[in-house]
Amino acid sequence: MNHARSALVWGIRYGIPGAAIHFAARRGDPVARVIADPTVLADPFDAYDRLRSRGPVVANRMVNATASHSVANAVLRDERFLGGPTPAPTTWLSRIAAAAVDPAAIGPGEPPSLLAIHPPDHTRLRGLVSKAFTPRAVAAYADRIREIADTLLDDIANGPTTFDLIDTYASRLPVTVIADIIGVPVENHAQFLDWGDKAATSLDPGMTWREYRVADRAIRESGAWLTAHIADLRRSPGTDVLSKLVQLDQLTELELRSTAQLLLGAGFETTVKLIGNAVALLLRHPDQLAALRADPSGWDNAIEEVLRFDTPVQMTLRTANTETEHVPAGQSLIVLIGGANRDSAVFDEPHRFDITRTNARDHLAFSAGIHYCLGAQLARLESVIALRALFDRFPNLALDGTPARGGTRVLRGYKHLPLRTGVGVTQDQLAG
Ligand code: HEM
């Protein structure tokens, strides 16, 4: 039964649109190419520029897309646009898919995930969760983040002189931090990383049946694990965020599970990519890394420039709830965040990586409007601490081979980033 349901949902949501998108991409359709052409996925920035040069919004028969910063910024803040593909299923096919979705297999892009719900539900749920991510609450995590970074760096220093940054550091730090914050046990981290990687594909347009099956299973397994964990927390709550949400008694069981799943996934899938992208960029721009060593006050802006230049979340989707100046009622618009961040109307020489860029912070890497990333401050804090600690510990850090891109169509980052430590320094030398 699960299999038949899954096949139906996949066919309607991904299979049929995916086939049409791939067909259009092969015929050179510029909108389809940015979401489905493998050569564009490897290096999408030229395709974004070409799309933008055709107009602020470019349409094909299925969907609209924008790589314009001003349109992206306006649409993300515009309440006439709703998050996700199917705010209200409008066609009979999408109604069938919505009815067939198994509550045990609800992904991060589907209600009641914060990403896919709308006011007033969104306002209520976000209000409850956001208390854990205020600037004050996030600042309190700094010491713990430093401690986690130091432990991981000790392990690297005690291991071979060559290592993979993603496996040993960039993925481990954010998952440990978010697991701590929401109160899931340390021994489950490897399992969460695996589930998160697999479930993240479900945000992709045109996912294949094979990808869908893998994502579906990861979502079901992580959901079942979290349901049991939430039941434990009801019996004996801790001081973590999930325990607090359980104790509030204001969220449905499904809202609790979906929120925990989103926080876990969003909490590390993206930050891993930010840390990896930053290390690769800085090692390729040694003069800029040297400037940061000389004046560490530049780190905050450097992170903003990494977020702008190599955006971890390349795109999101909005659907017009009513007629708008950008797209007609009921139509969807792919907001190419990675394209908006390279728009020369806002950023001088947008394809140049420059950690001193004065308006780097105008990027849309964390989106805008009501879905603005809840973890933005946490991601900034984690990445500054992680990067400073890494480059302080290993002043001679260097690439040791060619980094391999991984990620999905939506998420951009490295799967492997081989490094060699060179000569490191000890914790005592750092302190002295
Ligand atoms: C570099 C790191 C990160 C990036 C680039 C990023 C990016 C984003 C983006 C683009 C959105 C909005 C998507 C849309 O508008 O459709 C978003 C939403 C969200 N992010 Fe992040 N994120 C990052 C880290 C985090 C962390 C560490 C957390 C953990 C708390 C987190 C939790 C969330 C949540 C809960 C939402 C949904 C907010 C809502 O819909 O109201 N993110 N993120």
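Description of the structure in this document. As the structure is a computational prediction, the values presented were derived from the model and not from experiment. (Residues numbered from 1 in each chain as written. Predicted model: local features only at pLDDT ≥ 70, side-chain atom pairs only at ≥ 80, totals over all residues. Heavy atoms only, no water.)

Another point: the sheet that holds strand β2 (residues 64–66). If you walk across this open sheet you meet the five strands as β1-β2-β6-β5-β3, and the pairing is mixed. Each of the sheet's edge strands pairs with one partner strand only, and the pair in question is β1 (58–59) and β3 (81–83). Across three bridges, β3 lies against strand β5 (residues 315–320) in antiparallel orientation. Paired with G83 across the strands is R318, a residue of β5. Of the strands in this sheet, β2, β3, β5 and β6 (332–336) are in contact with helix α5 (residues 69–77), which crosses β6 at around 125°. (Pairing = 2+ DSSP bridges. Helix = DSSP H or I, 4+ residues; strand = E, 2+ residues; numbered from the N terminus. Contact = heavy atoms within 4.5 Å. Axes fitted to C-alpha atoms, helices over the stretch in contact; angles between N-to-C directions.)

The next thing to look at is the coordination of the iron atom of the ligand. Within the protein, just one atom coordinates the iron atom of the ligand: C373 (SG), at a distance of 2.3 Å. Assignment of secondary structure puts C373 in the loop between α18 (337–340) and α19 (376–393). (Donors = N, O, S within 2.8 Å, 3.2 Å for Na, K, Ca; no water.)

Turning next to the site of the ligand. Around the ligand sit 26 residues, and of these H122, T316, S367, H371 and C373 come closest. Take R318: an N or O atom from its side chain is 2.7 Å from an oxygen atom of the ligand. Of all the secondary structure elements, the ones that give two or more residues to the shell around the ligand are α7 (121–130), α15 (253–284) and β5. If you tally residues by element for the shell around the ligand, the top one is α15, at seven residues. The class makeup of the residues in the shell around the ligand is 16 nonpolar, eight polar and two charged. (Near = heavy atom within 4 Å. Polar contact = N/O pair within 3.5 Å; in protein donor to acceptor, adjacent residues only side chain to side chain. Nonpolar A, V, L, I, M, F, W, Y, C, P; charged D, E, K, R; others polar.)

So, about helix α11 (residues 172–182). Of all 11 residues in α11, nine are buried; the element is thus mostly enclosed. Considered for burial, the residues of α11 that qualify are L173, P174, V175, T176, V177, I178, A179, I181 and I182. In the stretch just after α11, G183 is the one whose phi turns positive, near 80°. (Buried < 20%, exposed > 50% of the residue type's maximum accessible area, 1.4 Å probe, protein only.)

Attention now moves to the pattern of salt bridges. Taken as a whole and judged by the stated rule, the model has 26 salt bridges. For D46, the salt bridge is made with R50, and the minimal N-O distance between the two is 2.6 Å. With D46 and R50 both in helix α4 (residues 45–54) and four residues apart, the pair spans about one turn of that helix. Accessibility expressed as a relative area gives 43% for D46, which makes it partly exposed. Across the salt bridge formed by R124 and E255, the nearest N and O atoms sit 2.5 Å from each other. One end of the pair, R124, is in helix α7; the other, E255, is in helix α15, with 131 residues separating them in the sequence. For R124, a relative accessible area of 33% translates into the label partly exposed. A relative accessible area of 8% places E255 in the buried class. Here the salt bridges share partners, and the residues they tie into one network are D49, R52 and D343. (Salt bridge = Lys/Arg side-chain N within 4 Å of Asp/Glu carboxyl O.)

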